[in-house]
Amino acid sequence: MARRTLVRLGASLLVLWGAVTLAFASLHLTPGSIEDTLIGQSTVTPEVRAQIVADYGLDEPVHVQYLAYLGRVLKGDLGHSYQLHDSVSSLISSQAVPSLQLTLTGLGLAAVTAILLSLLTAKRSRLLRGVVSGLELVGISVPVFWAGILLLTVFSFQLGWFPAAGGDGFSGLVLPAVAVAISVTALLSQVMREGLETVLEEPFVLTARARGLSDLAVRFRHALRHVLLPAVTLGGWLFGLVLGGLVTIEMIFSRQGLGQLTLNAVTGKDLPVVMGVVVLTSGVYVVVNILLDLLYLVIDPRLRGAHEPGS
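Note that this is a predicted model, so its numbers are computed, not measured.

Engineer: What is the right way to read the packing of aromatic side chains from this model?
Structural biologist: Each aromatic ring pair is summarised here by two numbers: the centre-to-centre distance and the angle between the ring planes. One pass over the structure, following the stated rule, counts three aromatic pairs. With a centroid separation of 5.2 Å and an interplanar angle of 65 degrees, the aromatic rings of Phe24 and Tyr66 are classed as edge-to-face. Placement of the pair is Phe24 in helix H1 (residues 2-29) and Tyr66 in helix H4 (residues 62-74), with a sequence separation of 42 residues. Its relative accessible area of 9% is what places Phe24 among the buried residues. Ring centres of Phe155 and Trp161 lie 5.8 Å apart, and the angle between their planes is 45 degrees; this geometry places the pair in the tilted category. Of the aromatic side chains, those joined through ring pairs into one cluster are Phe24, Tyr66 and Tyr69.

Right, dumping it as structure tokens:
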């Protein structure tokens, strides 16, 4: 376990180092002077330009600048947005919570729905599985932006159940979370149902049934645990995919978040903000995957002794 933890931690640090290095390289490979790249479309005085050179050490060799940038990132200093006149860390921290809230809510909704669908349809009638499989195919095929527009049209404009734009609290989170969850639910449900149909043929399931357990108890207490590991692994990948693609949902539902911040930064050529978002999202993705590794041990206790001598 100690070796596994160290290997995972080392891989995580390499990912973070790669993200920071990529951000630094993008700054230096962008055409034009680095000062102009950092300033973007803003107009600054010669004094501010000189301050930028001093802050970023642009008069130093590249390797010195790189080490200084690594040091600033380790201290939580992601630079300064000269267009928004604020530190990148402050800008990101103000927008990160809505994005993470939407991502976690959408994935949580998708996970619960996928588990229920897979448990209720695995090894059931061909007609039921065919109908659900068809709906899953539609869910995967429908673009997220189209699903968002459809949800807005029906539940906001026609029924008036939820706010059409912005909206604080639970009511403003429902439709964006559902839009995020549709394709994720379809994918997870397919994976889990196929796994369940294989597991339900295993000898230990027949033994559990012979002991008098009901079909529902067998599925929940015995079969489900065996299909959660691949689903959790897939969920970690989907987390990064959803978090990185929130810009569409945030635009449709007029929500604040990292997607909107990144889009505005790219449009306005505010590179310090773009670099900061890259570093942050990489860090969040690494943390989530470490937490999923710990969740594996909860789901399957046998993994706790997988690396012990004699196991």
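Engineer: What should I look at first to understand the layout of surface pockets in this one?
Structural biologist: By rolling a water-sized probe across the atoms, one finds the places where empty space is left. Considering only enclosed or pocket space, the largest pocket measures out at about 460 Å³ in volume. Counting residues per element, the ones that place at least two in the lining of the largest pocket are helix H5 (88-121), helix H8 (171-199), helix H10 (215-244) and helix H13 (271-299). Residue contributions to the lining of the largest pocket peak at seven residues, all from H10. For the lining of the largest pocket, the per-class residue count stands at 17 nonpolar, three polar and no charged. Considering only enclosed or pocket space, the second largest pocket measures out at about 320 Å³ in volume. Looking at the second largest pocket, it is lined by 15 residues, and the ones nearest its centre are Gly240, Leu243, Gly244, Val277 and Thr281. Its residues assigned to classes, the lining of the second largest pocket comprises nine nonpolar, six polar and no charged.

So, how was this worked out
Residues numbered from 1 in each chain as written. Predicted model: local features only at pLDDT ≥ 70, side-chain atom pairs only at ≥ 80, totals over all residues. Heavy atoms only, no water. Phe/Tyr/Trp six-rings, centres within 6.5 Å; stacked < 30°, edge-to-face > 60°. Helix = DSSP H or I, 4+ residues; strand = E, 2+ residues; numbered from the N terminus. Buried < 20%, exposed > 50% of the residue type's maximum accessible area, 1.4 Å probe, protein only. 1 Å grid on protein atoms, 1.4 Å probe; cavity = no way out; pocket = protein on both sides within 12 Å on 5 of 7 lines; lining within 4 Å. Points joined across faces, edges and corners; volume = space filled by probe spheres on them. Nonpolar A, V, L, I, M, F, W, Y, C, P; charged D, E, K, R; others polar.

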